[in-house]
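Each chain, written out:
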Amino acid sequence: VRVVGVALETMRQKEELTHLANTDRLTGILNRQGFEQRMREEMASTLRRNSSFLLLVLDLDLFKQLNDTKGHPVGDMALKEIAQNLRSAVREQDIVARTGGDEFTVILTDICKKEESLQVIRRMRKSMGLERYNLGVSIGVAEFPSEGRTYEELYRLADQRLYRGKNLGKGYIITN
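So, here is what we can say about the structure in this document. (Residues numbered from 1 in each chain as written. Predicted model: local features only at pLDDT ≥ 70, side-chain atom pairs only at ≥ 80, totals over all residues. Heavy atoms only, no water.)

**With respect to the packing of helix α2 (residues 32–49) against helix α6 (residues 151–168)**
Interaxial distance between α2 and α6 falls to 11 Å at its minimum, and their mutual angle equals 115°. Our classification of the angle between α2 and α6 gives roughly perpendicular. Read as a crossing pair, α2 and α6 show a hand that is right-handed. Judged by residue contacts, R32, F35, E36, M39, R40 and M43 of α2 engage Y151, E152, L154 and Y155 from α6. Partitioning the contact of α2 with α6 into residue classes produces 6 nonpolar, no polar and 4 charged. (Axes fitted to C-alpha atoms, helices over the stretch in contact; angles between N-to-C directions. Helix = DSSP H or I, 4+ residues; strand = E, 2+ residues; numbered from the N terminus. Parallel < 35°, antiparallel > 145°, perpendicular 65-115°, else oblique. Left-handed = near helix turned anticlockwise from the far one by under 90°. Contact = heavy atoms within 4.5 Å. Nonpolar A, V, L, I, M, F, W, Y, C, P; charged D, E, K, R; others polar.)

**Looking at the sheet that holds strand β5 (residues 173–174)**
Taken in spatial order, the 5 strands of this open sheet run β2-β3-β1-β4-β5, and their pairing is mixed. Each edge of the open sheet is held by one strand with a lone partner, namely β2 (95–98) and β5. Strand direction decides the pairing type here: strand β1 (residues 53–61) and strand β4 (residues 136–144), joined by 9 bridges, are antiparallel. Following the sheet pairing, D59 is matched in β4 by S138. (Pairing = 2+ DSSP bridges.)

**Topic: the pattern of salt bridges**
Pairing is possible between side chains that carry opposite charge, provided their charged atoms lie close to one another. Enumeration according to the criterion identifies 15 salt bridges in this entry. With a shortest N-O distance of 3.1 Å, R98 and D24 are connected by a salt bridge. Highlighted residues: R98 in strand β2 and D24 in the loop between α1 (2–22) and α2, separated in sequence by 74 residues. By relative accessible area, R98 is classed as buried at 14%. By relative accessible area, which is 12% here, D24 ends up buried. R32 is paired through a salt bridge with E103; the nearest N and O atoms lie 3.7 Å apart. With a gap of 71 residues between them, R32 in helix α2 and E103 in strand β3 (residues 103–109) connect regions that are remote in the sequence. A relative accessible area of 37% places R32 in the partly exposed class. Through salt bridges with shared partners, a single ionic network connects E36, R40 and E152. (Salt bridge = Lys/Arg side-chain N within 4 Å of Asp/Glu carboxyl O. Buried < 20%, exposed > 50% of the residue type's maximum accessible area, 1.4 Å probe, protein only.)

So, to be careful, I would describe these as geometric facts and stop short of saying anything about function.
See the structure below:
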């Protein structure tokens, strides 16, 4: 009985460590490592289903200004609230992560780039609660598998589109 108890406790501790390694401490959503793992799993699953998904890379506009004027505790509060709003705005099967300081990534599963997907992204952006903190968000979008077959290709493309939008003046959703 003692051996089984020790084995079960070891398994529980291993699961907890894995969760901590893949979760952003501030927001409670996936971190970059957890997101990369989940995205690779979703890529394989999407190919098996003969489907597609959208990768969104989001960067908060004016976040540095918020931290500089209101302080880091307010910035942290904004990040926590935005993360929870993002998680609530998408479907259960979608994936949400904080992959950098004020950068979030989202995978919208079983969807392709069409006008209706742009409406979904706009609704998601609207529900983030950005106005409370006088923030905006720029979003780069890439579609799997039609625009990239690897994590690196897809992420690079979405990131390039994000920064093209930021260079246009912030607040843009760039899909091509």
